[in-house]
Amino acid sequence: MVVSDQVPIGKRSLDLEWFRRELEQERQFRLEQLISLSYQAEAPCSTALGEVRAALTAGARRALAEIDAALFRLSRNTFGVCELCGQAIPSYRLIAIPTIRLCLPCERSQPSHQD
Ligand SMILES: [Zn+2]
């Protein structure tokens, strides 16, 4: 078999099934977190505690949106591709943060990047 240089993204050496499992586990965890937070929100509590819950809920929703976006990229075979420059994101970065969207140079070029 001749190795083409136009290997489809889904056929690269990344173990996409591993990432899918990781993302689905994380998604389940976030859903359970949101459900338990919504139960807690029904109980009366101090304002400070309510603010903590609101922050946790917002964080879990954001994480869930990131996970869904990553699962969508998996389904479209664009997982692991930088959204800005189209370069492959190194696998060590993906393993550390499976929901990551950008390669390191692009992330550093973002105005929101905090270091
Ligand atoms: Zn990039």
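Here the structure is a predicted model, which means the values were calculated and not measured. (Residues numbered from 1 in each chain as written. Predicted model: local features only at pLDDT ≥ 70, side-chain atom pairs only at ≥ 80, totals over all residues.)

## So, the overall build of the protein chain
For step 1, the next point in the chain: When its secondary structure is counted, the protein chain shows four helices and zero strands.
For step 2, the next point in the chain: Each helix and strand of the protein chain, placed in order from N terminus to C terminus, yields the pattern α-α-α-α.
For step 3, the next point in the chain: Across the 115 residues in the protein chain, those meeting the buried criterion constitute 10%.
For step 4, the next point in the chain: For the protein chain, the proportion of contacts with a sequence separation of at least 24, taken over those separated by at least 6, is 52%. (Helix = DSSP H or I, 4+ residues; strand = E, 2+ residues; numbered from the N terminus. Buried ≥ 20, exposed ≤ 12 C-beta atoms within 10 Å, placed from the backbone. Contact = placed C-beta atoms within 7 Å.)

## Observations regarding the packing of helix α1 (residues 16–42) against helix α2 (residues 47–75)
Two packed helices can be described by the angle between their axes and the distance between those axes.
For step 1, the next point in the chain: The geometry of α1 relative to α2 is characterised by a closest axis approach of 9 Å and an angle of 155° between their N-to-C directions. Taken together, α1 and α2 sit at an angle that is classed as roughly antiparallel. Here α1 runs over α2; the crossing is left-handed. Contact residues: L16, F19, R20, L23, E26, R27, R30, Q33, L34, L37, Q40 and A41 in α1; R53, L56, T57, A60, R61, A63, L64, I67, A70, L71 and L74 in α2. (Axes fitted to C-alpha atoms, helices over the stretch in contact; angles between N-to-C directions. Parallel < 35°, antiparallel > 145°, perpendicular 65-115°, else oblique. Left-handed = near helix turned anticlockwise from the far one by under 90°.)

## Considering the nonpolar core
For step 1, the next point in the chain: Formed by F19, L23, I67, A70, L74, F79, I89, L94 and C103, the largest nonpolar core amounts to nine residues.
For step 2, the next point in the chain: Of all the secondary-structure elements, those providing two or more residues to this core are α1 and α2.
For step 3, the next point in the chain: Looking at this core, the element that brings in the most residues is α2, giving three residues.
For step 4, the next point in the chain: Setting aside residues up to four positions removed in sequence, I89 forms contacts with G80, V81, C82, L94, I100 and C103. (Core = buried A, V, L, I, M, F, W, Y, C linked by C-beta atoms within 7 Å.)

## Here we look at the UniProt feature "domain: Zinc finger DksA/TraR C4-type" (unreviewed entry) in the protein chain
For step 1, the next point in the chain: Summarizing the sequence annotation, UniProt attributes the feature "domain: Zinc finger DksA/TraR C4-type" (unreviewed entry) to residues 78–108 in the numbering used throughout.
For step 2, the next point in the chain: With 35% helix and 0% strand, residues 78–108 has its two end C-alpha atoms placed 21 Å apart. (UniProt positions renumbered as here; feature names shortened; annotations may be inferred.)

## Re the UniProt feature "zinc finger region: dksA C4-type" (unreviewed entry) in the protein chain
For step 1, the next point in the chain: UniProt annotation of "zinc finger region: dksA C4-type" (unreviewed entry) refers to residues 82–106 when read in the numbering used here.
For step 2, the next point in the chain: Segment residues 82–106 splits into 36% helix and 0% strand. End C-alpha atoms: 8 Å apart.

## Side note on the environment of L102
For step 1, the next point in the chain: Within the secondary structure, L102 sits in the loop between α3 (91–96) and α4 (104–109).
For step 2, the next point in the chain: Residue L102 is classed as partly exposed on the basis of its 19 C-beta neighbours within 10 Å.
For step 3, the next point in the chain: Each C-alpha atom, one on L102 and one on Q87, is 8.9 Å from the other, the two residues being 15 residues apart in sequence.
For step 4, the next point in the chain: Beyond its immediate chain neighbours, meaning those up to four positions away, L102 contacts C82, E83, L84 and E107.

## Some points on α2
For step 1, the next point in the chain: Compared with an ideal rise of 1.5 Å per residue, which puts 29 residues at 42 Å, α2 spans 42 Å between its outermost C-alpha atoms and is within 8% of the ideal.
For step 2, the next point in the chain: Where α2 is buried, its residues meet α1. (Expected span 1.5 Å × (residues − 1).)

## Regarding α1
For step 1, the next point in the chain: Across its 27 residues, α1 extends 39 Å between first and last C-alpha, which sits within 8% of the 39 Å expected from 1.5 Å per residue.
For step 2, the next point in the chain: Of all the positions in α1, only F19, L23 and R30 are classed as buried.
For step 3, the next point in the chain: On the buried face of α1, the contacting elements are α2 and α3.

## Considerations on the environment of L64
For step 1, the next point in the chain: Structurally, L64 is set in helix α2.
For step 2, the next point in the chain: Remark: the alpha-carbon pair of L64 and E26, spanning 38 residues in sequence, is separated by 8.3 Å.
For step 3, the next point in the chain: Each residue touching L64, except ones within four places of it in the same chain, is listed here: R27 and R30.

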